[in-house]
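Listed below are the residues making up each chain.
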Amino acid sequence: MKNIVHNYDDSSWAPTGKGALTHDVEPVLETGGVLCFPKLPFVLSDAEKRFLDTSVSDGKAKNISLRGVNDELRGAQGSAEDQAALRAMILRFRSQAESFAERLFPHYKGQLQRGNTSYRPMAVEGRVTSWRKDDTRLHVDAFPSNPTRGTRLLRVFTNLNPRGEPRRWRVGEPFEAFAKRFVPKIPKPLPGSAALLHALHVTKARRTAYDHYMLQLHDRGKADMDWQRSAPQAEVNFAPGTTWVVFSDQVLHAAMGGQFMMEQTFYLPPAGLKQPASAPLAVLERMLGTPLLA
Ligand SMILES: [Fe+2]
């Protein structure tokens, strides 16, 4: 398996200046690379270190996140003052992740749309869930209620663990090899089903054929335990203080362990890509010989 993780020495989130070393790495990301920055921590103030505790979570949501136009804090508990400070910390991560993404990917300028920002204080280990939601199985991100219609999912993560524990991932084979294995078994979308799911509000937008195939790949990959074991894969440990960037709809990944992480999602419309021929959309269209955004 070719090397998926590419290390860079950056020590700054800023657009320019000391430690702001890496620029123009769209091709690495778009061909399925994980950009890894082992010297790029998200620095907490002494006061913020009290949030490195599971008691900040309300115990219901998996993550603490900012939602809606007013960036309301969701999934947290504590005094109003604590919640305001936690919200400010998450907002600071968002703004650093945004300026970082603008520097790394100048080609996406004006195209990257801000998605969710989250703080994940809970341990990956011991989470009980259904096989479909089990992210310790290799998968590419695809969500049943949120059709992307070809829009890419770009994610920035930082491990905050205060006890030296890495975020442990497995990464898998290139998207094309994965798709070749499962696509021939996937039935075509049923005529009318996308319109029906949308009318019933099962999906937030109309599912395209692309979304159908991506969701099927997500599910069939997770359901196939032989493939989970035997597929080409590598373990990757992201030490505390490491930031990594990935197209999570392209790179096969599984979260095996770790606790305390920040995450920023961006959306990128397909037209914003530098080399669209490497995207899952183009790979699937070539494989199936038909346009998939209809
Ligand atoms: Fe995922």
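Just so we're clear, the structure is a prediction, and the values are computed from it rather than from any experiment.

What to know about the coordination of the iron ion
- Protein-derived coordination of the iron ion comes from H139 (NE2), D141 (OD) and H253 (NE2), at a distance range of 2.1 to 2.2 Å.
- In primary sequence terms, the donor set of the iron ion follows H-x1-D-x111-H. You can see H139 sitting in the loop between β5 (113-120) and β6 (152-159) and its partner H253 sitting in strand β10 (residues 253-257), a full 114 residues away along the chain. Assigned by exposure class, H139 and H253 land together as buried.

What about the packing of helix α3 (residues 175-182) against helix α7 (residues 280-288)?
- Where α3 contacts α7, the axes come no closer than 10 Å and their chain directions differ by 40°. Overall, the two elements α3 and α7 adopt an arrangement that is oblique. Along this stretch, α3 crosses α7, giving a crossing that reads as right-handed. Residues F175, E176, A179 and K180 of α3 lie in contact with α7, whose contacting residues are P280, V283, L284, R286 and M287.
- When grouped by side-chain class, the residues that make up the contact of α3 with α7 number six nonpolar, no polar and three charged.

Focus on the pattern of salt bridges
- Counting across every chain of the model gives 20 salt bridges.
- In this structure, D135 engages K62 in a salt bridge whose closest nitrogen and oxygen atoms are separated by 3.7 Å. Of this pair, D135 sits in the loop between β5 and β6 while K62 sits in the loop between β2 (34-37) and β3 (64-67), and the two are 73 residues apart along the sequence.
- Between E125 and R168 there is a salt bridge; the shortest N-O distance is 3.3 Å. Taken together, the positions of E125 in the loop between β5 and β6 and R168 in strand β7 (residues 167-172) put the pair 43 residues apart, joining distant regions of the chain.
- With a relative accessible area of 42%, E125 lands in the partly exposed category.
- For R168, a relative accessible area of 34% gives the class partly exposed.
- Each of the salt bridges in this network shares a partner with another, and the network as a whole consists of R120, D141, R155 and E263.

Conventions adopted
Note on numbering: residues in each chain are counted from 1, in written sequence order. Local features in this predicted model are restricted to residues whose pLDDT is 70 or higher, and side-chain atom pairs enter the listing and the counts only when it is 80 or higher, whereas totals over whole chains, interfaces and linings include all residues. Think of the side-chain values as coming from all heavy atoms in the structure, minus any hydrogens and water. Note: metal donors comprise N, O and S atoms at 2.8 Å or less from the metal (3.2 Å for Na, K and Ca); water molecules are not included, so apparent gaps in a site are possible. Working definition: helices are DSSP H or I runs of at least four residues, strands are E runs of at least two. Numbering for both runs from the N terminus. Only protein chains enter the accessibility calculation, which uses a 1.4 Å probe; a residue is then buried when its area is under 20% of its type maximum, exposed when over 50%, and partly exposed in between. Here an axis means a line fitted to C-alpha atoms, over the contact stretch when the element is a helix, while the angle between two N-to-C directions is reported on a 0 to 180 degree scale. Any angle from 65 to 115 degrees is called roughly perpendicular, while one under 35 is roughly parallel, one over 145 is roughly antiparallel, and all others are oblique. Handedness of a helix crossing follows the sense of rotation of the near helix relative to the far helix, less than a right angle counterclockwise being left-handed and clockwise being right-handed. We call two residues in contact when some of their heavy atoms are within 4.5 Å. For this scheme, ten residues count as nonpolar: Ala, Val, Leu, Ile, Met, Phe, Trp, Tyr, Cys and Pro. Four count as charged, namely Asp, Glu, Lys and Arg, and the remainder, Gly too, count as polar. Any carboxyl oxygen of Asp or Glu that lies within 4 Å of a side-chain nitrogen of Lys or Arg is treated as forming a salt bridge with it.

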